[in-house]
Structure formats: C-alpha cells, structure tokens
Amino acid sequence: MTDSIMSKAATMEIPINSNGDSRTLAEDDGLEQATKIHWNLDEKDLQQVMVSGPNLNETSIVSGGYGGTAEGIIPTSSIKGPSMHHSNSNPSMTEEATRGIAVEKFDTMKKWSINTYKCTKQMFSERFGRGSRTVDLELEAQVDVLRETKSKYENILRLARDLTNHFYNMVQTQQALGDTFADLSQKSPELQDEFGYNAETQKLLCKNGETLLGAINFFVSSINTLVHKTMEDTLMTIKMYENARLEFDAYRADLEELSAGPRDANTMVRIEFAQQQYQVQREKYERLRSDVSIKLKFLEENKVKVMHKQLLLFHNAISAYFAGNQQQLEQTLRQFHVKLKPPGSDKPSWLEEQ
C-alpha cells in the first residue's frame, strides 16, 4: 500500500510557471497545456523510458496519471548486463534509482518545452509587431553584405563552370579537327602542305587550350572553396547567433513582464529565477556575437587575399591564350603553382575497363 501511494505521488503533475520554476504558482493556460503534454505520459511511453534505463533484475514501475492503478510491471530479468549477478540488491534502492532516471528525463523534456514555448512566443510577437528585439545595426549590416556577396560569388562560380564546359568542348573539337587534318594530309598528296599547316595549328591551339583549362579549373576550385566552405562556415555561426538572440529576447521579455507585475513573495522568487536565466542567455548571446564579429573580419581578409590571386591568374591566363603567347601562358601557371594533369590521366586504365 505504501509503495502504491508513493508511486502515485511520484507521477502527479507538477505545475510549471512561466519562468520554468517548479513551484505551485498560478500560470497561463498556454504554458500549462505545453507542459502537460510531456508530464501526462501514458503507460506505454513510460515503459519505453524505463527500458532505456540501467539493467535491473526485476523492477516494478507504477505508471498512470491521476489515480492510476499499480499496473504496468516491466520484467527486465531477460535483459543481460554487466551487473546482472547482483540479484540480492535492495528492491527499494533499485526502484528509487529507476525513478531518478525517469525524473531526470522528464526534467529535460520540461526544460525543452518551456524554452521552445518562450522562443515561439517571442518569434510571433516580433512577427506581429507586439514585441521588441535586440538589434546590432553594424553587425547586421555586415551580415547582409556577406549574404549578398555570397550570392554574387555563386553566380561567378556558375558562369566560370559554364565557361569551363564550353571551352573544354571547343578544345576537344580542335583536337578532333587536327587529327582529321593530319589524316587527310597523308591521304591527299596534292593538299598535303595545306592540311599539314592546319593540323599543326589546331594541335597548338589544343595544347594551349588544355593549359588554359588548367588555369580556369584552379580558379573554379578556389572560388568553390571560398563560397561553400569558408563563407558557409561563417553563415553557420551567424545562424547560431540569431538563435541565441531570439532566446535572449524571449527571456528578457519574460523578465520585463514579471518585473512590471505585483511584488509579492512568490513573484520575487520567480523574478530572481528569471534574472538567472536572463543572465545565462545574455552571456551566450554576447559570446556568439563576438564570434560572428571575429569570423566576419577574418573572412573579409581571406576573401581579399584569395580573390586578388585568383583574379590575377584568370586575367593573365586568358590574355596570354588569346594573344597566342604560349610562353607567357605557361609562365603564368608556374607563377601561381598550377599543376596540369598529364593528357589521359582522367581516363580509366585498361584494367578498370575490364
């Protein structure tokens, strides 16, 4: 009988106020409904929670809500673990340990639901113009510039890839045309010299085209790394900063609402707890804001350094190719340490083709 009463008391609903303080205070209906979802678990859900706890020889868990019967026995004797040989352990101690694990999981759910409720409330308040938000004008301007810059660089990357594909097709066509001219120079004695000149010209253009393709591919690879790795990493930090800002404003609004109300003993306790939560969120927000500022600064320096090198490479390589200056083209690639793949390196070996 005593165990049954204790079991029922352990599963009774604990009312939660708007600050997450587990005290018997009045609270609004929205938060009460949000917390009841996680506390009024049915027997099946509670069993799943208990099974994930430590391995016990024989544990009886009382489930149910208000006035539930002492049913829902979970036999765990079939579960094997490293501590199964302790069959003479105190049943009350094992039951207490199991309940402690369940309470810990319920507490995690409770904190998550309260935080989600506060952030959702703050988000809708900002969207409908009923709540205020913390704004860092200088930092948000830098973030907007970064997003716009990333969009433009993505366009450069797309166009450079299109250029690479078109130019690669042209080089392949020149190579096929040169082979055809060379073949006809052998089979047409009356036009041997004319076909031979054109074959040599097309082969030279093909060789220079492959060199230019190496420069363009290096340019594309560097821009791709800058856009999809360096910039994306900074934007991920910015996303974390924006989430921290929303949480900070949610707890700030909650503290302001409590401070504007009556100051009785119970309210003062709730205000004190709200101030602690507010301070935690403020420190998190300021830390992430500092991280974003530092990453934006380093990103700008890295972007200027990378683009200065890549734009100079792109200009010199294109100019040397269309000027027909083979030596200048090869010198440009050596200057920027661009290594060309040997012809046919992309083709599979005869063993791979089998």
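See the structure shown above.
Residues numbered from 1 in each chain as written. Predicted model: local features only at pLDDT ≥ 70, side-chain atom pairs only at ≥ 80, totals over all residues. Heavy atoms only, no water.

(A) Molecular detail of the overall build of the protein. The helix and strand inventory of the protein stands at nine helices and zero strands. Listing every helix and strand of the protein by position from the N terminus yields α-α-α-α-α-α-α-α-α. Residues counted as buried form 34% of the 354 residues belonging to the protein. Taking all contacts inside the protein whose residues are at least 6 apart in sequence as the whole, residues at least 24 apart take part in 74%. For the protein, the exposed surface amounts to about 22,500 Å²; the carbon and sulfur share of it is 55%. (Helix = DSSP H or I, 4+ residues; strand = E, 2+ residues; numbered from the N terminus. Buried < 20%, exposed > 50% of the residue type's maximum accessible area, 1.4 Å probe, protein only. Contact = heavy atoms within 4.5 Å. Areas by Shrake-Rupley, 256 points an atom, 1.4 Å probe, with all protein chains shown as cover.)

(B) Here's a closer look at the pattern of salt bridges. With the rule as written, the count across this model stands at 15 salt bridges. Across the salt bridge formed by E247 and K284, the nearest N and O atoms sit 3.3 Å from each other. Taken together, the residues span a long stretch of sequence, with E247 in helix α6 (residues 192-259) and K284 in helix α7 (residues 265-322) at a distance of 37 residues. The salt bridge partner of R252 is D249, with a shortest N-O separation of 3.2 Å. A residue pair is termed a helical-turn pair when its members lie 3 or 4 positions apart in one helix, as R252 and D249 do in helix α6 at three residues. According to the relative accessible area criterion, D249 is buried, its value standing at 0%. (Salt bridge = Lys/Arg side-chain N within 4 Å of Asp/Glu carboxyl O.)

(C) Structural view of a nonpolar patch on the surface. Residues M123, F124 and F128 make up a contiguous nonpolar surface patch of about 300 Å² in total accessible area. Tracing the backbone through its elements, the reader meets F128 in the loop between α4 (91-127) and α5 (137-187). Judged by its relative accessible area of 58%, F128 falls in the exposed class. (Patch = residues over 30% accessible without salt bridge, like charges linked within 9 Å, V, L, I, M, F, W, Y side chains within 5 Å.)

(D) Region of interest: the environment of K239. In this fold, K239 is placed in helix α6. The sequence separation of K239 and L288 amounts to 49 residues, and the corresponding C-alpha distance is 9.8 Å.

(E) Region of the structure containing the packing of α7 against helix α8 (residues 326-335). Two elements in contact, α7 and α8, have axes separated by 8 Å at closest approach and are oriented at 160°. Considered as vectors, α7 and α8 are oriented roughly antiparallel to each other. With respect to the hand of their crossing, α7 and α8 are arranged in left-handed fashion. Between α7 and α8, the contacting residues are L313, N316, A317, A320 and Y321 on the first element and Q328, L329 and T332 on the second. Considering only residue class, the contact of α7 with α8 consists of five nonpolar, three polar and no charged. (Axes fitted to C-alpha atoms, helices over the stretch in contact; angles between N-to-C directions. Parallel < 35°, antiparallel > 145°, perpendicular 65-115°, else oblique. Left-handed = near helix turned anticlockwise from the far one by under 90°. Nonpolar A, V, L, I, M, F, W, Y, C, P; charged D, E, K, R; others polar.)

(F) Layout of α6. Given a rise of 1.5 Å per residue, 68 residues ought to cover 100 Å, and the 97 Å separating the end C-alpha atoms of α6 matches this to within 8%. The sharpest bend along α6 comes to roughly 35°, located at E232. (Expected span 1.5 Å × (residues − 1). Bend = angle between axes of the 7 residues up to and from the residue.)

(G) Layout of the environment of Q310. Summarising the element assignment, Q310 is placed in helix α7. On a C-alpha basis, the gap between Q310 and A215 in space is 9.3 Å, while along the polypeptide they are 95 residues apart. In this view, Q310 contacts F218, F219 and S222; residues no more than four positions away in its chain are not counted.

(H) Here's a closer look at the packing of α6 against α7. Look at α6 against α7: their axes get within 7 Å of each other, and the N-to-C directions meet at 165°. Between α6 and α7, the interaxial angle falls into the category roughly antiparallel. As for how α6 packs across α7, the hand of that crossing is left-handed.

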